[in-house]
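# Fold and geometry: a report
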Amino acid sequence: LISAMLAMRRAGLAATQASMRMARSRATVSIRCLATQMKNGCVTIENKDGVAILRLDDPKSKVNAINKAVTEDLVEAIESAEADSSVSSMVLISGKPGCFIAGADITMFGDASTVEDFTAISTNGQQMMNKIGTGKPKVAAIGGSCLGGGLELAMACHYRIASEDSKTSLGLPEVMLGLLPGAGGTQRLPKLIGMQEALPMMLTGKQVKAKKAKSLKLVDGVADPYALEHAAILAAQGLAAKTLKVDRSVSGIKKLMRTVLEEKEIGRNYLFKKAKETVMKQTGGKYPAPLAILEAAKAGLEKGFEGGSAVEAKGFGTLGVTPESKALISIFFGQTAAKKNPYGKPENPVQTIGILGAGLMGAGIAQVSIEKKFDAILKDLNHKSLSRGEQQIYGNIQKKRSLSNMDKNITFSRLTGVVEGQENLSRHLSKCDLVVEAVFEDMGLKHKVIKQLEPTIRPDCIIATNTSSLEVAGIAAAAERPERVIGMHYFSPVDKMPLLEIIPHATTSKDTCARAVDVGLRQGKTVIVTKDVPGFYVNRCLGPYMVETMALLADGVEPQDLDKALKGFGMPVGPIALSDEVGADVAFHVQEYLSKFLGDRMKGGSAVALKEMLDKNFLGRKTGAGFYTYAKGEKGGKNLNPEIPAILAKLRGGKPALQLSPEDIALRMMTRFANEAVFCLQDEIITDATAGDIGAVFGVGFPPFLGGPFRWIDAMGPAKFADQMRRFQDSYGEQFAPAPLLADHAKANKKFHTK
């Protein structure tokens, strides 16, 4: 009887569970029936208690971007919701984790070629945003990246709630493409957060996190990521019922400053005068977009929203056809392409990275690794050296305002420091999937390190050398498993310089290449793959550039004038300051080393002055004196080392100084850099011209507004560029002879880029 009763109970329970499953299934079907997909499949609309949920999820892209299909679907969904009497308000939310709307799809600009075309793009965008800002209340539920046109869309909504997720960031980065926010951004952002806060965001592309956005009143509320949609629905219902009161007013000093600097003409003129001075100081007038942003923003204050919008559209149209914008957009596309792993996704991705050497480079590599959630083991010879590296990493992490104290501690906890001779050293190294050696540039020393390392690591562990100029094949010759050796050339300072050169040698396995590139991409680096030759790509181009530095010094150009001329050209630092940063010892070593391989291309300048600086220990910033002096606690680089004039006098040998203009100085330097870049393309050291442009821009700061050496040659015209090289060749020597590939392009009037 008891058995029968238990059996009946089990049967009843099973029937009940089945019934519940069917009910849930019916409920799911019912909800799904309420969700309607727009014609392009980019937006669905769903009614939840009178609130239309417009969910953006472009099926053809990993991120949402404002393109033709998304725009059409969004307009259709809004019009449908506006016409639906059962809908009282709307929520715009993304169906993609980590991304609200990443900005406009700039491939849409491909068909635009005139000022009128770009003006129309801006005007159409403004009209769409104005439409969003009217009618039934709309709430933007922002989770993940909300940038450019995405933020303009969110600002057009009546209310904004941002997820507190770490991936949530808001910004207007159009200036980085040589453009201005063209869909009302220059008008709505200042109105929401005040001009003082808005200008830095628009002029630099600075992004803010959710909590900062809330304090600025850029968003009206923040929510837990899992509660974002629910919070947005409640806000939408409150707006529709008029029970939610939106207060974005400011008081106290903020109110006073806005009154003085925005409403009063004298204050407004002062604000924009100072802003323009800052822009000119930082850009040298090389970038037209910041000035156009200032003009549009000021017009909004003086002419109102409609008048300001007209100036914004006109500015967008003008900027769209500038060579600066085209160059910056080309860099964007090149950088995007560099995010793809040419060797495919690795089967066994690296998780634990070992770094041999806790100096500036080694500590920098460890820092960018743990910040991107790798585990890192940092090794040095003794505790003093290790401690210095650990302190560098800890100090840099503590400066990151975007991280909470807990996140800073968690990040630093991923680092393990070890020293030579430590009992458990082998156990730590055996955990590594990849080990980067960052020891001094000496082939014998690198061989010694590899021979000591290999017995302590797993057979599948990759050995990456951070050499800046030595051939990787020569380093790999000391390894028992050379197929696991690869070059990973980081640039200093590692936490700030975005480029990483990956250098496979002839027998490096594809798996090793795939895993190494994957590490670089996950570290947030812009990766280019180069051939295994002395200097690789960037330093190979820097070789003739730095030789020409010595040639110009010998011709009578003073160090400060040399730096000033190159900064005037658009370089972030001059060659003299650069030499002091990398060290005279490194500069001398690279010049001597590359001279063995590049022949005439490394002629023109003598290394005698560098050798004397080495003998006097004038190595640059690291020793307190190089060409310039670096007193402790001072920025340095302003005062010439008092012993340098005597060194330069010996170099010049009493010959009279040449009278050269800043333009001639810069051209002599930069044409040698660009010509060597063409040699690198000719010799297949780089894969294509885009890789060459990306490497130069992100490796040494080649002026972004020029787009890189190949874009610069294209803009000048290969024939004109080659003619300039030949004039220098006649005046100064064979080191200026155009590369054969450049001569071919000049003869055929053929550009290096087709678009």
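Scroll up for the structure.
Residues numbered from 1 in each chain as written. Predicted model: local features only at pLDDT ≥ 70, side-chain atom pairs only at ≥ 80, totals over all residues. Heavy atoms only, no water.

### A word on a positive patch on the surface
- Residues Lys-206, Lys-212, Lys-254 and Arg-401 make up a contiguous surface patch of positive charge.
- For Lys-206, the location among the structural elements is in the loop between helix H6 (195-204) and strand S10 (207-208). (Patch = residues over 30% accessible without salt bridge, like charges linked within 9 Å, V, L, I, M, F, W, Y side chains within 5 Å. Areas by Shrake-Rupley, 256 points an atom, 1.4 Å probe, with all protein chains shown as cover. Salt bridge = Lys/Arg side-chain N within 4 Å of Asp/Glu carboxyl O. Lys, Arg positive; Asp, Glu negative; His and termini not counted. Charge placed at Lys NZ, Arg CZ, Asp CG, Glu CD. Helix = DSSP H or I, 4+ residues; strand = E, 2+ residues; numbered from the N terminus.)

### A look at the pattern of salt bridges
- Counting across every chain of the model gives 37 salt bridges.
- Here Lys-131 makes a salt bridge to Glu-79, at a shortest N to O gap of 2.6 Å. Taken together, the residues Lys-131 in helix H3 (residues 115-132) and Glu-79 in helix H2 (residues 68-83) connect sequence positions 52 residues apart.
- Owing to a relative accessible area of 40%, Lys-131 belongs among the partly exposed residues under this scheme.
- Salt bridges sharing partners connect three or more residues here, namely Glu-548, Asp-555, Lys-655, Arg-668 and Arg-672. (Buried < 20%, exposed > 50% of the residue type's maximum accessible area, 1.4 Å probe, protein only.)

### Structural notes on unusual backbone geometry
- The peptide bond linking Ser-492 to Pro-493 adopts the cis configuration, its omega dihedral lying at -5°.
- You can see Pro-493 is positioned in the loop between strand S17 (485-490) and strand S18 (499-503).
- Phi is positive for Phe-536, close to 55°, though the residue is something other than glycine.
- Following the sequence through the fold, Phe-536 ends up in the loop between strand S19 (526-529) and helix H20 (538-554).
- Residue Phe-536 is classed as buried on the basis of its relative accessible area, which comes to 0%.
- Phi is positive for Asn-617, which is not a glycine, with a value near 65°.
- Relative to the helices and strands, Asn-617 is located in the loop between helix H24 (608-615) and helix H25 (644-652).

### With respect to the sheet that holds strand S16 (residues 462-465)
- One open sheet accounts for eight strands, arranged S14-S13-S12-S15-S16-S17-S18-S19; its pairing is mixed. The open sheet is flanked by strand S14 (415-419) and S19, the only strands paired with a single partner. Between one strand axis and the next, the sheet turns by 25° as a mean value, whatever way the strands run.
- Here S17 runs beside S18; their pairing, made up of four bridges, is antiparallel. Paired with Tyr-490 across the strands is Leu-500, a residue of S18.
- Packed onto the sheet, helix H19 (residues 510-522) meets strand S12 (352-356), strand S15 (434-437), S16, S17, S18 and S19 and runs at close to 20° relative to S17. (Pairing = 2+ DSSP bridges. Axes fitted to C-alpha atoms, helices over the stretch in contact; angles between N-to-C directions. Contact = heavy atoms within 4.5 Å.)

### Examining the layout of surface pockets
- Its boundaries defined by the atoms lining it, the second largest pocket holds a volume of some 890 Å³.
- Every residue lining the second largest pocket is counted, 32 residues in all, and those nearest its centre are Lys-326, Ala-327, Ser-330, Arg-711 and Lys-755.
- Residue assignment for the lining of the second largest pocket shows that the elements contributing at least two residues are helix H12 (323-337), helix H27 (689-700) and helix H28 (709-716).
- If one sorts the elements of the lining of the second largest pocket by residue count, H12 sits on top with 10 residues.
- Among the residues making up the lining of the second largest pocket, the classes are represented as 14 nonpolar, 11 polar and seven charged. (1 Å grid on protein atoms, 1.4 Å probe; cavity = no way out; pocket = protein on both sides within 12 Å on 5 of 7 lines; lining within 4 Å. Points joined across faces, edges and corners; volume = space filled by probe spheres on them. Nonpolar A, V, L, I, M, F, W, Y, C, P; charged D, E, K, R; others polar.)

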